[in-house]
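# Chain and residue survey
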Amino acid sequence: PLGAVAADHAQLAHNNTYGLLPAFYVDRPFDCRNCGASEVWTAKQQKWWYEIAKGHIDSVAVRCGPCRVIERARIAEARRRAGHSQDNEEGRIS
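Each chain carries its own residue numbering, running from 1 in the direction its sequence is written. Side-chain atom pairs in this predicted model are given and counted only at pLDDT of 80 or more, local residue features only at pLDDT of at least 70, and totals for whole chains, interfaces and linings cover all residues. Side-chain measures were taken over the full set of non-hydrogen atoms in the model, leaving aside hydrogen atoms and water.

## Digging into helix α1 (residues 43–52)
What α1 keeps buried is the set Ala43, Gln46, Tyr50 and Glu51. Buried residues along α1 cover an arc of 100 degrees about the axis, so they all sit on one side. In α1, the exposed residues that point more than 90 degrees away from the buried face are Lys44 and Ile52. In this description, contact between two residues means that some pair of their heavy atoms is separated by no more than 4.5 Å. The helix count covers DSSP runs of H or I at least four residues long, the strand count covers runs of E at least two residues long, and both are numbered beginning at the N terminus. Those residues of α1 hidden inside the fold are in contact with β1 (5–6), β2 (24–25), β3 (28–31) and β4 (38–41). Directly beyond the C-terminal end of α1, a positive phi value near 65 degrees is found at lysine 54. In this scheme, a residue with accessible area under 20% of its type's maximum is buried, one over 50% is exposed, and one in between is partly exposed, where area comes from a 1.4 Å probe on protein chains only. Directions drawn from the helix axis to the C-beta atoms are what define this arc.

## Points about the pattern of salt bridges
When a carboxyl oxygen of Asp or Glu lies within 4 Å of a side-chain nitrogen of Lys or Arg, that pair is called a salt bridge. Across all of its chains, the model carries 5 salt bridges by this definition. Linked through salt bridges whose partners overlap, the residues forming this network are Arg63, Glu71 and Arg74.

## Overview of a nonpolar patch on the surface
Without a salt bridge and with relative accessible area above 30%, a residue can belong to a patch; like charges are then joined within 9 Å and nonpolar side chains (Val, Leu, Ile, Met, Phe, Trp, Tyr) within 5 Å. In these tables, accessible area is a Shrake-Rupley quantity obtained with a 1.4 Å probe, and a residue counts as shielded only by the protein chains included in the view. Together, Trp48, Trp49 and Ile52 make up an exposed nonpolar region whose accessible area comes to about 340 Å². Inspection of the secondary structure assignment puts isoleucine 52 in helix α1.

## Here we look at the pairing of β3
In summary, the side chains of a regular strand alternate between the two faces of the sheet. Pairing between two strands requires that DSSP report at least two bridges joining them. Judged from the 4 bridges that link them, β3 and β4 form a sheet pairing that is antiparallel. Counted as the bridge partner of proline 29 is valine 40 from β4. Connecting β3 to the next strand, β4, in antiparallel fashion are 6 residues, including glycine 36 with a positive phi near 85 degrees.

Read these as spatial facts, not as claims about activity.
So, in C-alpha cells, the structure goes:
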C-alpha cells in the first residue's frame, strides 16, 4: 500500500504469538484515550515501536503525544510517592 513501511520479521522474533506477523506497517488513525484528539500512529513510529523498542505486536497507540507526557509524569510521581525512585537515600537503585 502507498506509504507502507516494510516489516523485518527478524526484528519481531521477540513476539510470542500464534497470529501472523505483519508484512508491512501503515498509518493508523486513533482517538486519544484521554483527551479525544484525533491522531495518526505513523508506519514509521510503529516500526520503531515493534522492532526497536520491542513492543508487543498486539499493542497499539492509545494516547496523543501531549497526553503521553502527562501520563509518564503521573506514573513517575506515583512511583516517587511509593518510594520506588531510581535513587534512594543510600544511592542504590531500587
